[in-house]
Number of protein chains: 2
Amino acid sequence: MAVRVTRFPENPLITPEQVTPSEPGWQVVGTFNPGATLHHGEVVLLVRVAERPRAGNPEEVVAPVLDVTSDPPRVRPRSFRRDDPEVVVIDPRWFSYQGQVYLTSISHLRLARSRDGRHFTIDTGPTFSAGTWYESFGVEDPRIAEIEGRYVVTYTSVSEHGIATSLATTKDLRAFERRGIIFAPENRDVSVLPEKVGGNYFCHHRAVARHIGGFDMWAADSPDLVHWGRHRRLMSPRAGTWEAGRIGGGSVPFRTPRGWLTIYHGADQSNRYCLGALLCDGDDPGRVIARSAEPLLAPEAPYEVSGFLGNVVFTCGTVVQGDELTIYYGAADQYVCGAVVSVEDVLESLA
Amino acid sequence: MAVRVTRFPENPLITPEQVTPSEPGWQVVGTFNPGATLHHGEVVLLVRVAERPRAGNPEEVVAPVLDVTSDPPRVRPRSFRRDDPEVVVIDPRWFSYQGQVYLTSISHLRLARSRDGRHFTIDTGPTFSAGTWYESFGVEDPRIAEIEGRYVVTYTSVSEHGIATSLATTKDLRAFERRGIIFAPENRDVSVLPEKVGGNYFCHHRAVARHIGGFDMWAADSPDLVHWGRHRRLMSPRAGTWEAGRIGGGSVPFRTPRGWLTIYHGADQSNRYCLGALLCDGDDPGRVIARSAEPLLAPEAPYEVSGFLGNVVFTCGTVVQGDELTIYYGAADQYVCGAVVSVEDVLESLA
């Protein structure tokens, strides 16, 4: 039985045009992949805002890179001639020069809040920006877990040395304390569970292998949120399905009577990104009980099919209110969208 | 000034011919990359022993894989026809079938001990073997740190889902307690320091990136040896040098008056593996003070230049006695060798 997932008629909820760039002369190219939580009765999103210098010379490709040697650190564009044989354009997101990969935009996190979960007021400046050497290519794809009275935010730190996951804590989603890199490259899509299990904190993460293996999801635990260990494989892509190419954690898992439920992403061999549901054991979130045979949400709406990177729906956060699960998601690496589904229906689809 | 590193005239110290295979009908193809420590006045090595079924059908490639579903777990050979278009032979160590990488041998760890550090008595059976699903392709490249009265062994766990690093503890180097995977794929070359620094345990590890970055060494700390965090990049390969292609931790670092000293490996773009020295801050082993401009040891002896994988010297362990540093190393992925150098000379070369 297909689960009925209802897209918000207001979609896309947030578009690049609504967001003020951090610097004059820059343009916002993407507002997507928001972390989501409830805070003082409002839905609060930390939206990934990707921006770059407004298009200049069409014969150049430009990578905005944080220069941490300047005080304060500043983003400076690095330009390369497109016709330089050392330049290889990979896709709209990245290119390489002499083998070093660069991103065509740099992302920060921007707070947006809403009483109805559909109409958002967006901050006029960045909320959390790249600030360390490990973030010189930006900060991306936050997940927000509310744990013991504070918010624990995991986010991707990207630099020339790789794609890692960092952790920060905050009481108000405005002032953040950086707690360092919790997973060295290459690792992303990390979600921390909102409560301890078996005495330790718990997370799902997505390791990337190079020589053997590929894109598997793993589980790990921690005594203090900063140090992680006892890694065990959670699940792998499944050949011949919607998630044959890669998978990765999405929203922060939440408790249901049947176990920990979360929405994750899978992509097929053509990089079509869909969303599915994953149910893990309530006492051992490192054990899979069930996962979606078919996607819950596949890119079908126009704003999902075309955009900065078409055919992508990708979630970093959901909000649960009773039986109503609101999935906030990035569409086409360009827009923030929302959809709603019944938790009961999702659980039934996994039975 | 070049440092004088003296190879033992007894080299190679251990060869595959001296080692009894774990099963009749098998052959040992490599004895190499030993972890090393002192124990009850003897030098004790945990030697990586790579073995495989004795060559059968020359038209086949064979991967020995641990079947954990049998009780007890058993290694079973998986055979593929060489002329199958889905089979791609990568090098003597591995091949792929339908995109899945397999190893041509499976490794276990074997204890060898010696009073003079040059003539070894080798156990007649495996000391520590693949035993979990994460080790179905074998256990490799152990590092032995003596910490607080016990030995902490980090080793590579290889399976179809990737190359990870696990940790085990032992009092006698014979009975081991597995403590799980401390670094998810892809990560290897992990050395734990023999004492806490700043209240926490400390290690060097080598992350492997896929989309951005490459083969960097990282540092991390831990409250309990099992959970690791606060990752920071230690150092990267250096273009145009002996270590342009990749680097990775080697022996367990030891304290000197000038800081933590360790022998690590670097490979150039042609995969010629050499050994160099790395000096890190005594109070912060995550900060590099100096590293070798030129290799301390490069593959030059016949047993280093040719063998299972020629042009490779690779260390997992050293023994320090006064000013004398004995480097045990794998040569050509086939032999255990030894060489000696003055700690003072190494430090001077880094000044």
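As the structure is a prediction and not an experimental result, all values here were calculated from the model.

Visitor: So what exactly am I meant to see when it comes to the side chain of B:N187 here?
Guide: Residue and element names in this part refer to chain B. Of note, N187 is situated in strand β15 (residues 187-192). A polar side-chain atom of N187 sits 3.0 Å from a polar atom in the side chain of H205. Other than its neighbours up to four places away in sequence, N187 contacts I163, A164, T165, H205, R206 and A207.

Visitor: So what exactly am I meant to see when it comes to the sheet that holds strand β8 (residues 100-103) of chain A here?
Guide: Strands pair in a sheet through their backbones, by hydrogen bonds, and they do so in one of two ways: parallel or antiparallel. All names here are of chain A. Strands sit in the order β6-β7-β8 across an open sheet of three strands; the sheet is antiparallel. With one partner strand each, in any of the chains shown, β6 (87-91) and β8 form the two edges of the open sheet. Neighbour to neighbour, the strand axes of the sheet diverge by 25° on average, direction disregarded. As judged from the four bridges shared by β6 and strand β7 (residues 94-97), these two strands associate in the antiparallel manner. Paired with V88 across the two strands is S96, which belongs to β7.

Visitor: What is the right way to read the interface of chain A and chain B from this model?
Guide: One frequent convention defines the size of an interface as the accessible area lost when the parts assemble. Taken together, the contact pairs 47 residues of chain A with 47 residues of chain B. Carbon and sulfur atoms supply 61% of the area that chain A and chain B bury against each other, a total of about 3500 Å² over both sides. It is A:R210, A:H211 and A:I212 in chain A that bury the most area against chain B; as a group they hold 22% of the surface buried on that side. Where chain A meets chain B, there are zero salt bridges. The tally of links between chain A and chain B comes to 21 residue pairs in polar contact (both at pLDDT 80 or more). Going through the elements one at a time, β8, β12 (150-159), β13 (162-170), β14 (176-183), β16 (201-208), β17 (215-222) and β18 (227-235) of chain A are the ones with two or more residues in the side of chain A that touches chain B. It is β18(A) that provides the largest number of residues to the side of chain A that touches chain B, a total of seven residues. In terms of residue class, the side of chain A that touches chain B is built from 22 nonpolar, 14 polar and eleven charged. In this sheet, strand β18 (residues 227-235) of chain B lies alongside β18(A) in antiparallel orientation, the contact comprising three bridges. By the bridge assignment for β18(B), A:H227 is matched with B:G229.

Visitor: Would you take a moment to explain the packing of aromatic side chains for this structure?
Guide: Both the distance between ring centres and the angle between the ring planes are used here to describe each pair of aromatic rings. Tallied over the entire structure, the rule returns 26 aromatic pairs over all chains. Ring geometry for B:F128 versus B:Y155: centroids 4.9 Å apart, planes at 70°, classification edge-to-face. Of this pair, B:F128 sits in the loop between β10 (121-122) and β11 (138-147) while B:Y155 is found in strand β12 (residues 150-159), placing the two residues 27 residues apart along the sequence. The class of B:F128 is buried, set by a relative accessible area of 6%. Take B:Y155: its relative accessible area is 3%, and that puts it in the buried class. A network of ring pairs unites the aromatic residues A:F80, A:F95, A:Y97, A:Y102 and A:F137 as a single cluster. Positioned above the aromatic ring of A:F215, the side-chain terminus of A:R246 is 4.1 Å from the ring centre.

Visitor: How should the relation of the copies chain A and chain B be read in this particular structure?
Guide: Here two copies of a chain appear, and what relates them is a rotation about an axis with a shift along it. With an axial shift of 0.0 Å and an RMSD of 0.0 Å, the rotation relating chain A to chain B amounts to 180°. Taken together, the rotation and translation describe the operation of a two-fold axis. The share of interface residues of chain A whose copies in chain B are also at the interface is 100%, consistent with both copies meeting through the same surface.

Visitor: Sorry, what's going on with the sheet that holds strand β6 (residues 87-91) of chain B here?
Guide: Residues and elements named next belong to chain B. Strand order in the open sheet formed by three strands is β6-β7-β8, and the pairing between neighbours is antiparallel. Strands with a single pairing partner mark the edges of an open sheet, and in this sheet they are β6 and β8 (100-103). Between one strand axis and the next, the sheet turns by 25° as a mean value, whatever way the strands run.

Visitor: Is there a simple way to think about the pairing of strand β4 (residues 60-67) of chain A in this case?
Guide: The side chains of a regular strand alternate between both faces of the sheet. All names here are of chain A. In terms of burial, β4 is largely enclosed, as six of its eight residues are buried. By the bridge criterion, eight bridges tie β4 to strand β5 (residues 74-81) in an arrangement that is antiparallel. In the strand pairing of β5, V65 is matched with R76. Linking two consecutive strands that pair antiparallel, namely β4 and β5, is a turn of six residues.

Visitor: How should I be thinking about empty space enclosed by the protein in this particular structure?
Guide: Over the atoms rolls a probe the size of a water molecule, and its path tells where empty space is left. With the rule as written, the count across this model stands at two cavities of 30 Å³ or more. When its volume is computed, the largest cavity comes out at roughly 150 Å³. In terms of lining, the largest cavity is formed by 18 residues, of which the most central are A:F183, A:A184, A:N187, B:F183 and B:A184. Within the lining of the largest cavity, the residues separate by chemical class into ten nonpolar, six polar and two charged.

Visitor: Looking at this model, I keep getting lost on the environment of B:P126. Mind explaining?
Guide: Locating B:P126 in the fold gives a position in the loop between β10 and β11. Setting aside its immediate chain neighbours within four residues, B:P126 contacts B:S22, B:H108, B:L109 and B:R110.

Visitor: How should I be thinking about the pattern of salt bridges in this particular structure?
Guide: Close approach of charged atoms allows side chains with opposite charge to pair. Under the definition given, this model contains 47 salt bridges over all chains. A salt bridge links A:D91 to A:R93; the nearest nitrogen and oxygen atoms lie 2.7 Å apart. Taking relative accessible area as the criterion, A:D91 reaches 18% and is therefore assigned buried. Given the relative accessible area of 28%, A:R93 is considered partly exposed. Close ionic contact of B:R188 with B:D141 constitutes a salt bridge, the shortest N to O distance being 3.9 Å.

Visitor: Can you help me understand the environment of A:E146 in this one?
Guide: Residue and element names in this part refer to chain A. For E146, the location among the structural elements is in strand β11 (residues 138-147). Along the primary structure E146 and T170 are separated by 24 residues, whereas in three dimensions their C-alpha atoms are 9.6 Å apart. In this structure, E146 is in contact with T37, L38, Y151 and P194, ignoring residues within four places of it in sequence.

Visitor: What is the right way to read the side chain of A:D333 from this model?
Guide: Residue and element names in this part refer to chain A. Inspection of the secondary structure assignment puts D333 in the loop between β25 (324-331) and β26 (335-342). Summary of buried charges: D333 has no salt-bridge partner, and the nearest side chain of opposite charge, R93, is 4.4 Å away. Not counting chain neighbours up to four residues away, the residues in contact with D333 comprise V29, G30, F32, R93, F308, L309 and V312.

Visitor: When you look at unusual backbone geometry in this model, what are you seeing that I'm missing?
Guide: One can expect most non-glycine residues to show negative phi and most peptide bonds to be in trans. Cis geometry is found at the peptide bond from A:D71 to A:P72, where omega equals 0°. Inspection of the secondary structure assignment puts A:P72 in the loop between β4 and β5. Here B:P185 and B:E186 are connected by a cis peptide whose omega angle stands at -5°. Following the sequence through the fold, B:E186 ends up in the loop between β14 (176-183) and β15.

Visitor: Help me understand the environment of A:E59, please; the structure alone is not making it clear to me.
Guide: Residue and element names in this part refer to chain A. Turning to its location among the elements, E59 is positioned in the loop between β3 (42-53) and β4. On the basis of relative accessible area, E59 is assigned to the partly exposed category, the value being 44%. Once the C-alpha coordinates of E59 and R82 are considered, the two residues, 23 residues apart in sequence, prove to be 5.6 Å apart. When neighbours within four sequence positions are excluded, E59 is seen to be in contact with F80, R81 and R82. A polar contact is formed between the side chain of E59 and the side chain of R81, at a distance of 3.4 Å.

About the criteria used
- For every chain, the first residue of the written sequence is number 1, and numbering continues from 1 along that sequence.
- Ligands are numbered from 1 and chains lettered from A, in the order in which they are written.
- In keeping with the predicted nature of the model, local features appear solely for residues at pLDDT of at least 70, side-chain atom pairs appear and are counted solely at 80 or more, and the whole-chain, interface and lining totals rest on all residues.
- As a rule here, side-chain values come from all non-hydrogen atoms in the structure, and water together with hydrogens is ignored.
- Only DSSP runs of H or I with at least four residues qualify as helices, and only runs of E with at least two residues qualify as strands; both kinds are numbered from the N terminus onward.
- Throughout this description, a polar contact denotes any pair of N or O atoms lying within 3.5 Å of each other; where both atoms belong to protein, one of them has to be capable of donating a hydrogen while the other can accept it, and for residues adjacent in sequence the pair is counted only when both atoms sit in side chains.
- Pairs of residues are marked as contacts when any of their non-hydrogen atoms sit within 4.5 Å.
- In this scheme, strands are said to pair when DSSP sees at least two bridges between them.
- Under this scheme, a helix contributes an axis fitted over its contacting stretch, all axes are lines through C-alpha atoms, and angles between N-to-C directions fall in the 0 to 180 degree range.
- Once two parts are put together, the accessible area they lose, assessed with a 1.4 Å probe and summed over both, is termed the buried area.
- Each reported salt bridge corresponds to a side-chain nitrogen of Lys or Arg within 4 Å of a carboxyl oxygen of Asp or Glu.
- Amino acids are sorted into nonpolar (Ala, Val, Leu, Ile, Met, Phe, Trp, Tyr, Cys and Pro), charged (Asp, Glu, Lys and Arg) and polar (every other residue, Gly among them).
- Note on aromatic contacts: the rings of Phe and Tyr and the six-membered ring of Trp form a pair at centre separations within 6.5 Å, being stacked when their planes are under 30 degrees apart, edge-to-face when over 60 apart, and tilted otherwise.
- Exposure categories follow from relative accessible area, calculated using a 1.4 Å probe and restricted to protein chains: below 20% of the type maximum is buried, above 50% is exposed, and the middle band is partly exposed.
- The criterion is that NZ of a Lys, or CZ of an Arg, lies within 6 Å of the ring centre and within 35 degrees of the ring normal, and then a charge sits over that ring.
- For this overlay, a least-squares fit was computed on C-alpha atoms, restricted to residues scoring pLDDT of at least 70 in both copies.
- Put simply, the grid is 1 Å and covers the protein atoms alone, a cavity is a trapped set of points that fit a 1.4 Å probe, a pocket is an open set with protein on both sides within 12 Å along at least five of seven lines, and lining residues have an atom within 4 Å of a point.
- Grid points are joined across faces, edges and corners, and a volume is the space filled by probe spheres set on the points.
- All tallies of charge rest on Lys and Arg as positive and Asp and Glu as negative; His and the ends of each chain are not included.

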